[in-house]
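An overview of the molecular structure
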Amino acid sequence: MTRFDLSGKTAIVTGAGRGIGKALALGLAEAGAQVAVVARTETDLHEIVETIEANGGKAHAIAADLTEAEAADKVVSQTVEALGGLHILVNNAGMNLRKKAHEVTEEDWDRVVDLNLKATFFMSQAAGKIMCEQLYGRIVNIASVAGQVAMRTGVAYGSSKAGVIQMTRVLALEWSKFGVNINAIAPWYFRTPLTEALLSDEAYLQEILQRTPSGRIGDVEDLVGPAIFLSSDAAAYITGQTIAVDGGMSVYGF
C-alpha cells in the first residue's frame, strides 16, 4: 500500500454525471475508494457505476438537487448506509453563466451561488459532522482560477468560486484539529461538455492558449492526480490550501 492508495476509504463526488466529476469519480475508484456518485438525475450516473463495478470496485448512485440544503444530509446518510462510511468528499457540482455584470439578474445570481457556494458549504457541513466525530476526513473543493484572478465575464461565477476558496480556509481552521483536511483545486479551461461550444470558437481558443504557458487546454485527467493526492494520506499535512491546475495561467492572469 502506498500513501496514495485509497483502499478502505469511501468517497462522495458531486456533479459526477459527466466532465470533471465523472473523471474524478473514476479516478478515485481506480485508486481504491468506494464512490458515491451524485448528480441531479440518476440516469446520468448509471454508466459510471457500471464502469467502476466492472473494474472490481464498488459504487452507488444518488440523485439529488444540491441547491436544496436538506439534500446534503440525504446524500451523506445514503452514502453511509450503502457503502458503510465516509472519508472523502469532493465538491465538484457547479455551473457558470457568462454574462456582463449589468446583464446578471437576481435569478442568475441565485442559480450560480446556490450551486457553487451554498451547496458546497452544506455538503461540507453534513460530511464534516461525521468526519470530525471519527477524527478523519478529506474534503476537496473544486474552485476555479476565476476565484483568484479577475475575468471579463462571469461575475457571479467568480464571486462564488472566491467564496469557495475562502470557505476552504475557514473550514480548515475549524476542523483540522479533528483530523479533517480541507483543500481546493482551482482549474483553468478544461475540455468538458460545458466548455465545448466556447472552445470551438477558434479565435477565443487562441486567446486562451496565448495566456496559458503550457500551451494547451487542460484534459480532465489532469485533475485526477491532484484530487487523489489531496484525498490521500500523502497530503496529511496540507490543509486550507488551493492548488491551481491551470497550465501556469495564473502566473500572469487573464
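As recorded by an unreviewed UniProt entry, the protein chain carries the name Glucose 1-dehydrogenase and is attributed to Brevibacillus brevis.

Turning next to the overall build of the protein chain. A count of helical and extended segments in the protein chain gives eight helices and seven strands. Its C-alpha atoms give the protein chain a radius of gyration of 17 Å, within 12% of the compact-globule value 18 Å for 254 residues. With the C-alpha coordinates aligned to their principal axes, the bounding extent of the protein chain is approximately 50 × 40 × 35 Å. Burial analysis of the protein chain (254 residues in total) assigns 50% to the buried set. A sequence separation of at least 24 residues applies to 72% of the contacts in the protein chain between residues at least 6 apart. In the structure as shown, the protein chain presents an accessible area of about 11700 Å², 52% of it carried by carbon and sulfur atoms. Taking the average location of the 21 positive side-chain charges in the protein chain and that of its 29 negative ones, the two points are 5 Å from each other.

We now examine the sheet that holds strand S3 (residues 59-63). Strand order in the open sheet formed by seven strands is S3-S2-S1-S4-S5-S6-S7, and the pairing between neighbours is parallel. Both outer strands of the open sheet, S3 and strand S7 (242-245), are each paired with one neighbouring strand and no more. Each strand of the sheet is rotated relative to its neighbour by a mean of 15°, with strand direction disregarded. The pairing of strand S1 (residues 10-14) with strand S2 (residues 34-39) spans five bridges and is parallel. Counterpart to isoleucine 12 in the pairing with S2 is alanine 36.

Judged by nonpolar contacts, the single largest core of 35 residues is most densely connected at Val13, Leu24, Leu28, Val35, Val37, Val90 and Ile185. For this core, the secondary structure elements donating two or more residues are S1, helix H1 (19-30), S2, helix H2 (46-54), S3, strand S4 (88-91), strand S5 (137-142) and helix H8 (224-231). The greatest single-element share of this core, amounting to six residues, is contributed by H1. In this structure, valine 37 is in contact with Val13, Ala16, Ala25, Leu45, Ile48, Val49, His60, Ala61 and Ile62, ignoring residues within four places of it in sequence. Counting residues in hydrophobic clusters, the runner-up holds 33 residues, among them Leu115, Ala126, Ala156 and Ile182.

Counting buried residues in S2 gives five out of six residues, a clear majority hidden from the surface. One crossover worth recording links S2 to the parallel S3 by way of H2, and it is right-handed.

Glancing now at the packing of aromatic side chains. What the rule picks out here adds up to four aromatic pairs. Seen from their ring centres, phenylalanine 4 and phenylalanine 229 are 6.2 Å apart, and the 40° between their planes marks the pair as tilted. Here phenylalanine 4 is found in the segment before S1, whereas its partner phenylalanine 229 is found in helix H8, with 225 residues between them in sequence. Assessed through its relative accessible area of 42%, phenylalanine 4 is described here as partly exposed.

Attention now goes to helix H5 (residues 155-175). When the terminal C-alpha atoms of H5 are compared, their 30 Å separation across 21 residues agrees well with the 30 Å that a helix rising 1.5 Å per residue should span. When H5 is considered as a whole, its buried residues turn out to be Ala156, Tyr157, Gly158, Ser160, Lys161, Val164, Ile165, Met167, Thr168, Leu171, Ala172 and Trp175. Check the buried side of H5 and you find it contacts helix H4 (106-134), S5, strand S6 (180-187) and S7.

This part takes up the pattern of salt bridges. Under the definition given, this model contains six salt bridges. Note that aspartate 108 and lysine 99 form a salt bridge whose closest N and O atoms lie 2.7 Å from each other. The class for lysine 99 is partly exposed, based on a relative accessible area of 27%. Between glutamate 207 and arginine 211 there is a salt bridge; the shortest N-O distance is 4.0 Å. Using a relative accessible area of 27% as the deciding quantity, one classes arginine 211 as partly exposed.

The rules behind these values
- Residues numbered from 1 in each chain as written.
- Predicted model: local features only at pLDDT ≥ 70, side-chain atom pairs only at ≥ 80, totals over all residues.
- Heavy atoms only, no water.
- Helix = DSSP H or I, 4+ residues; strand = E, 2+ residues; numbered from the N terminus.
- Rg over C-alpha atoms; globule rule 2.2 N^0.38 Å.
- Buried < 20%, exposed > 50% of the residue type's maximum accessible area, 1.4 Å probe, protein only.
- Contact = heavy atoms within 4.5 Å.
- Areas by Shrake-Rupley, 256 points an atom, 1.4 Å probe, with all protein chains shown as cover.
- Lys, Arg positive; Asp, Glu negative; His and termini not counted.
- Charge placed at Lys NZ, Arg CZ, Asp CG, Glu CD.
- Pairing = 2+ DSSP bridges.
- Axes fitted to C-alpha atoms, helices over the stretch in contact; angles between N-to-C directions.
- Core = buried A, V, L, I, M, F, W, Y, C linked by side-chain atoms within 4.5 Å.
- Right-handed = clockwise from strand over helix to strand, strands pointing away.
- Phe/Tyr/Trp six-rings, centres within 6.5 Å; stacked < 30°, edge-to-face > 60°.
- Expected span 1.5 Å × (residues − 1).
- Salt bridge = Lys/Arg side-chain N within 4 Å of Asp/Glu carboxyl O.

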